[in-house]
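# Structural features, examined
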Amino acid sequence: MRGSASTYIKQRGLTELKIAGWGGPADELRYGITQELQHLIPRLNYALRGISEQQRLAIYNKWNNVSVVEDIDYQVAIQILGILAAIIFVLMLRNYNIKIYSQALEVKNKQLEELRGNLERKNQQLDFLSAHDPLTKLYNRHYFNSQYIDKKQDENNVEPMCLIIMDVDYFKLINDNFGHNTGDIVLAKLAELLINTVRGSDVVTRWGGEEFIILCPKLALQSACELCQRLAIQIQQTQFTDGVKITCSFGVAQREANESILMCLDRADKALYRAKDGGRNQTCIDTKAVDF
Ligand SMILES: Nc1nc2c(ncn2[C@@H]2O[C@H](COP(=O)(O)OP(=O)(O)OP(=O)(O)O)[C@@H](O)[C@H]2O)c(=O)[nH]1
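Residues numbered from 1 in each chain as written. Predicted model: local features only at pLDDT ≥ 70, side-chain atom pairs only at ≥ 80, totals over all residues. Heavy atoms only, no water.

Heads up, the rule is: UniProt positions are given in the numbering used here, feature names are shortened, and annotations may be inferred rather than shown by experiment.
Named according to an unreviewed UniProt entry, the protein is diguanylate cyclase originating from Shewanella denitrificans. In UniProt, the protein has this text filed under Cofactor (unreviewed entry): "Mg(2+)". Quoted verbatim from the Catalytic activity (unreviewed entry) field of UniProt, the annotation for the protein is "2 GTP = 3',3'-c-di-GMP + 2 diphosphate".

## Here's the deal with the nonpolar core
Here is the rule: Buried residues of nine kinds, namely Ala, Val, Leu, Ile, Met, Phe, Trp, Tyr and Cys, make up a nonpolar core once their side-chain atoms join them within 4.5 Å. Type-normalised accessible area, obtained with a 1.4 Å probe on protein chains alone, sets the label of each residue: buried when under 20%, exposed when over 50%, and partly exposed for intermediate values. Numbered from the N terminus, helices here are DSSP runs of H or I no shorter than four residues, and strands are runs of E no shorter than two. When checking whether two residues touch, look at their non-hydrogen atoms; a contact exists if any pair is within 4.5 Å.
Ile164, Leu190, Ile235, Ile246 and Phe250 are the most contacted members of the largest nonpolar core, which has 32 residues in total. Going through the elements one at a time, strand S2 (161–168), helix H6 (171–178), helix H7 (180–197), strand S4 (211–217), helix H8 (221–237) and strand S5 (248–254) are the ones with two or more residues in this core. Element by element, the count of residues in this core is highest for H8, at seven residues. In contact with Ile235, other than residues within four places in its own chain, are Met166, Leu190, Leu193, Phe240, Ile246, Thr247, Cys248 and Phe250. Ala253, Ile261, Leu265 and Ala268 belong to the second-largest nonpolar core, a separate cluster that totals 17 residues.

## Concerning the sheet that holds strand S6 (residues 283–286)
We count it as follows: DSSP calls a pair of strands paired once it identifies at least 2 bridges connecting them. Only the contacting stretch of a helix is used when fitting its axis, a line to C-alpha atoms as for every element, and angles between N-to-C directions run 0 to 180 degrees.
Pairing is mixed in the open sheet, where six strands are placed in the order S1-S3-S4-S2-S5-S6. Strands with a single pairing partner mark the edges of an open sheet, and in this sheet they are strand S1 (139–140) and S6. Across the sheet, H7 is in contact with S2, strand S3 (203–208), S4 and S5; its angle to S4 comes to roughly 10°.

## Concerning the UniProt feature "coiled-coil region" (unreviewed entry) in the protein
Sequence positions flagged by UniProt for "coiled-coil region" (unreviewed entry) are, in local numbering, residues 98–132. Secondary structure content for residues 98–132 is 97% helix and 0% strand, while the C-alpha to C-alpha distance between its ends is 49 Å.

## Focus: the packing of H7 against H8
We apply this condition: Our angle categories are set so that under 35 degrees counts as roughly parallel, over 145 as roughly antiparallel, 65 to 115 as roughly perpendicular, and the remainder as oblique. Two helices crossing with the near one rotated counterclockwise from the far one by less than a right angle form a left-handed crossing, whereas a clockwise rotation gives a right-handed crossing. As a working rule, the residues Ala, Val, Leu, Ile, Met, Phe, Trp, Tyr, Cys and Pro are called nonpolar, Asp, Glu, Lys and Arg charged, and the rest polar, with Gly in that last group.
Axis separation between H7 and H8 bottoms out at 11 Å; the angle between their running directions is 140°. The orientation of H7 relative to H8 falls into the category oblique. Once H7 is placed against H8, the crossing between them reads as right-handed. Two secondary-structure elements touch here, H7 through Leu190, Leu193, Leu194 and Thr197 and H8 through Leu227, Arg230, Leu231, Gln234 and Ile235. For the contact of H7 with H8, the per-class residue count stands at six nonpolar, two polar and one charged.

## Concerning the side chain of Thr241
With respect to the helices and strands, Thr241 occurs in the loop between H8 and S5. We classify Thr241 as buried; its relative accessible area is 17%. Contact partners of Thr241, with chain neighbours within four places excluded, come to Thr182, Ile185 and Val186.

## With respect to a nonpolar patch on the surface
Spelled out, the test is: Only residues whose relative accessible area exceeds 30% and that form no salt bridge enter a patch; like-charged residues are grouped when within 9 Å of one another, and nonpolar side chains (Val, Leu, Ile, Met, Phe, Trp, Tyr) when within 5 Å. What sets the accessible areas is the Shrake-Rupley method with a 1.4 Å probe; for residues, cover comes only from the shown protein chains. Criterion for a salt bridge: a side-chain nitrogen of Lys or Arg within 4 Å of a carboxyl oxygen of Asp or Glu.
A cluster of nonpolar side chains, namely Val76, Ile80, Leu81, Leu84, Ile88 and Met92, defines an oily patch on the protein surface of about 580 Å² accessible area. Mapping Ile88 onto the fold places it in helix H4 (residues 74–131).

## Some remarks on the site of the ligand
Convention followed: Here a residue is considered near a molecule or strand provided that any single heavy atom belonging to it is located within 4 Å of it. Side-chain atoms alone can form a polar contact between residues adjacent in sequence; in general such a contact is a pair of N or O atoms within 3.5 Å, and within protein one must be able to donate a hydrogen while the other accepts it.
In the vicinity of the ligand there are 17 residues, among which Tyr170, Phe171, Lys172, Asp184 and Arg206 approach most closely. A distance of 2.8 Å separates an oxygen atom of the ligand from a polar atom in the backbone of Lys172. Taking His180, its main chain carries an N or O atom lying 3.1 Å from a nitrogen atom of the ligand. For the ligand, whose unbound accessible area comes to 660 Å², protein coverage reaches 67%. If one sorts the elements of the shell around the ligand by residue count, H7 sits on top with four residues. Residue classes in the shell around the ligand are distributed as five nonpolar, four polar and eight charged.

Right, here's the structure in full:
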């Protein structure tokens, strides 16, 4: 078979054919024989054993023209290595880019977090400013209006509720005699005194320049008047600043059934007017609802 493959290769001119495998000269010499000639086998074997190694190689080379090429295709290996290196490089580049991007994202996130915190603080400040008076830190008129005047009140609420309007007497003189700054200090201290004296549930509002409203839920008229007395005494006893002493006038009204807070406030205001008219430093009460 080997002889015929070799002949076939020669006949066809397949001299460039490369066969991977092993078929070196160490191969034993073999022969094929037809059945009729079997009696020649012992003699042929004897003849084969008598062939020297050199002769064997000569026979082999004559009939076996297949050369063994131990060929490793370095070009393919280099190409594969190149592709692998390129893939590794691309992956490393991608990882590097992801790392840089993540770091930049982290910085941006931190900045965003700071901005969010600042915005939240600013919003809280804005919320506070929209509801409070900056000088006294009490609720402002806008807050009182939105919470108690504009909002529909619960008409079925039968709990007593009182409104007190308090105004500083002759406050203009304090400004005139001691200066506007001193006037501001007096107002801020007065606000502190009010907050420290009323109950936690009472709502103290700076209604205007030196005018304040105290909304007292679940408080009967008598108790509201007593609160005014307590406040009047404390205010008279307080040294506000630089020996400045003040007095205040109070108007009180208890909310009638189904009466709006605005109407009740109007009655309290009228009572305050009477207190001022009656000589100041006193409390006046309005007991009946007013028709508009
Ligand atoms: N310092 C200071 N003064 C203020 C402020 N708001 C209003 N005022 C002053 O408060 C004074 C109020 O004066 P008036 O309305 O005449 O009342 P009054 O002098 O208290 O007199 P009666 O209320 O009638 O007892 C004015 O001089 C205002 O300029 C403020 O925020 N700070």
